[in-house]
Amino acid sequence: MLYSLNELPASAFGQAGGKGSTLARLAQSGYPVPDGFVLLTSAFEDDRLRPAAWTLAQAALARMRQRTPGLTFAVRSSALSEDSASASFAGEFESVLDVQSDEAVRDAIGAVRRSARTVRVEAYSQAQGLAETHEVAVVVQSYVRADHAGVLFTADPVTGSLMRMTGEVVRGAGDKLVAGQANAQAFTFDRANGKYAGPPELRPHARRLYRLGVKLDAALGAPQDIEWVIAGGRLSIVQARPITSLRGFNPVTGEWNDTLLGDFLWSNGNGAEIQPGVMPLLTASVMRLWGQGYGEWWSRYPASGYIGLRSYFNITVQIAPFARLPFIRTERLIQYVSQWWGRIPDGVSLPLMPFSFREIVTVVLPMYLRSARRFARFRAMLPDFVARAPGWCREMRQRIAASMEGPALATLWADEIRPFFLLGTAMASAANSDIRNQIEAQLRKWVSEEDANALVSNLGGEGFFASLGPVVGLQKVARGEMSREAYLEAYGHRGPDEFNLIHPQPVEDPVWLDRQLAELEQNPVDVEALLDGQRARFAAAWARLADGHPRRARAIRRRLDQAAQLAYQREAARSEITRVVGVIRAWALRAGELSGMGEDVFHLTLDEVLGLLGGDDRACKYIPTRRETYARYCALPAYPTVISGRFDPFAWAADPNRRADVFDAHAPLAGPDPDAAVIVGVAGSAGTVEGLVRWIDDPADSGLLQRGEVLVTRTTNVGWTPLFPRAAAIVTDVGAAMSHAAIVARELGIPAVVGCTNATARLKTGDRVRVNGLRGTVEILARAE
């Protein structure tokens, strides 16, 4: 029922509350925490302290007085829901300070315990969507008569900046500061070097406070809100909790916005291709596993996240360590990541993170070297994964259908589905490579830009990539060269929302293939002829290279073969991991059947679904609110491709002057010149063509695209592939050199400009444009009538 802070075991943290367990962790790790003990929730019967617990408390008080004569005490709450990442309850529960006698301590313990039923706690709980009744443990510590007291935030709680610590200090005790009853003086630290700015009376202690903040932030794994006191020159911690304003996910409402985690630069350049729409919570939490299968990461912040339940990549996290190196220019870093995550417009703020040169050398670079070795092993395993996946998926579907109890289905996830999914994500990630761009840059030293592009645009060779399989196979079905059953087995899992669990895969629609065949009959295109044309361009460019540089030809051919193999493996791996996602959807639907929740399971997180299968349905009460949040997100327009800083999708959508391409919370950006005749993007596939624009937002409207028109859309994925052979050129808002639109367009020899960010805002159906896929430009020649 009672433990000293130095002895509280981790097994008792669940009864010690947020404050008690955190102070115990810190005390046991050697941090300067005032002496004390915690009365667990089991020490109470209703609000009454059990007699045996009071006997233990009296003995503990006597020991503390023996260690420090003349001691008085601070009695404070430690509710189980207090000082968590989602709710601080700062100042809501009672605290009683400077308590002297045993009886006064006992009265204070009762007052703290009873404060859980006050009106202010009830109101705070309602506002946070939490239970209105709270189990409260009680912390009793030595009371420190402070000369100065204050709070320190290890990240800016307003902007989310990780480069600045902020705080406030008052003379004397800090309880009035926390309660908002005293004016305080503000101070700041530069997170990278500890540079202090603030009142001079704190300066003698500033360096110690800064170092303590850095250590606590790292030890507790999140930016911290730290309450501290200074007495007689000694610095002590009286509380530490996560900064609740830096919270990305609200479990009550289902809102998920990782721009609130910190100050970052985000891009959905390839994220919108993988997940073009809004995800429900189950999809988001499953896709959060991506990356766990292939090893370590240098930051507590993942390389990707969710903004309004849309997928984005965190550019800041990926480049911040290297931006600290003196010999690397930030512009080069942006240029490098743009080939993966799309073009970053000029002038957008790039928030950074605090990395020391020592961290980069001892942590980041060794991690990269280890990752490179792991990726090499994964690439060697990739052909086996691609070969195994179809059979594994068939077997798993049978076992899912045969599962009759929730715990058995949960075990199937843990033992079979999750490990294979993690393996697949590792395979797909390992196959990524920028070797194509490296080769093209090298080739431009010896041949023309057009020939260099032709040599790296036929990596499919005499075959074709998996992403082209659906359109090539469809023509084979139409000619009677492939059965319907074989086509559905090979490509029925590929579609525009193939990674979103809430959407059925095409194979689940009994008339999907009939619609595809009818559209092909209405708009016939010879895909093989397009592929043959690109192969011919490659052969001619190769002949010129071999004639002009015979000594280099063999080495270049090896590099091209290597690039072709990696590109083929990347597309094949993505196809098979998509097949595995179909199995996860079947597993989720079965979980809904066994639990009686039906498709509402999509509005639970993965951990909550697993809990539900084990009989824990506590999260189900949030489903109606989460469904409403999901519907509100789906009703919004697609968010900007590039986002810097904190972003509120609802406020952005309500702004009549919003920009659809980029958002910068740090400084408003001037909109693009509406009269500018040229739209700039990323060179996706070489070639120049003039044509009329066909603006399409959904591949279901593919019948609108006429042969020879320029397809303009926000983003594409494999579900759009059947449209490509009809298009004279492809123009997208979202994308990069390694995105689907660029890869498929290169293989078919169709000019493409991707990652324009604002093409759909600038162009309308009927506009006449000139698309230069080699230069990455779209010139507006004439507006539609």
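Residues numbered from 1 in each chain as written. Predicted model: local features only at pLDDT ≥ 70, side-chain atom pairs only at ≥ 80, totals over all residues. Heavy atoms only, no water.

Draft legend 1. Representation of the environment of R585. Assignment of secondary structure puts R585 in helix α19 (residues 550–595). Remark: the alpha-carbon pair of R585 and D733, spanning 148 residues in sequence, is separated by 29 Å. Contact partners of R585, with chain neighbours within four places excluded, come to L501, I502, H503, P504, Q505, E508 and F602. (Helix = DSSP H or I, 4+ residues; strand = E, 2+ residues; numbered from the N terminus. Contact = heavy atoms within 4.5 Å.)

Draft legend 2. Structural detail: the packing of helix α18 (residues 527–548) against helix α23 (residues 740–748). Put simply, α18 and α23 touch, their axes get as near as 7 Å, and they point 80° apart. As summarised for this structure, α18 and α23 are arranged roughly perpendicular, according to the angle between their axes. In this structure, α18 contributes V527, L530, L531, Q534 and R537 to the contact, and α23 contributes R746, E747 and L748. For the contact of α18 with α23, a count of residues per class yields four nonpolar, one polar and three charged. (Axes fitted to C-alpha atoms, helices over the stretch in contact; angles between N-to-C directions. Parallel < 35°, antiparallel > 145°, perpendicular 65-115°, else oblique. Nonpolar A, V, L, I, M, F, W, Y, C, P; charged D, E, K, R; others polar.)

Draft legend 3. Region of the structure containing the pairing of strand β2 (residues 36–39). Residues of β2 alternate between two faces, with G36 and V38 on one and F37 and L39 on the opposite face, all of them buried. In the sheet, strand β1 (residues 2–4) pairs with β2 via three bridges, with the strands oriented antiparallel. Note that in β2 the partner of Y3 across the bridge is V38. (Buried < 20%, exposed > 50% of the residue type's maximum accessible area, 1.4 Å probe, protein only. Pairing = 2+ DSSP bridges.)

Draft legend 4. The arrangement of the pattern of salt bridges in detail. Inspection of the entire model under this criterion finds 47 salt bridges. Between E440 and R444 there is a salt bridge, with its nearest N and O atoms 3.0 Å apart. In this structure E440 comes out as buried when scored by relative accessible area, which is 8%. For the salt bridge of E528 with R535, the shortest nitrogen-to-oxygen distance reads 3.9 Å. For E528, a relative accessible area of 27% corresponds to the partly exposed category. One connected set of salt bridges, linked through shared partners, spans R76, D225, E227 and R241. (Salt bridge = Lys/Arg side-chain N within 4 Å of Asp/Glu carboxyl O.)

Draft legend 5. Quick look at the nonpolar core. With 99 residues, the main nonpolar core has I417, F421, W587 and Y639 as its most contacted residues. Broken down by element, this core gets its largest block of residues, 12 residues, from helix α12 (residues 406–430). Apart from the residues lying within four places of it in its own chain, the contact partners of Y639 are I307, G308, R310, Y312, Y633, F647, P649, W652, A660 and R714. Listed in part, the 33 residues of the second largest apolar core include V139, L212, L216 and W228. (Core = buried A, V, L, I, M, F, W, Y, C linked by side-chain atoms within 4.5 Å.)

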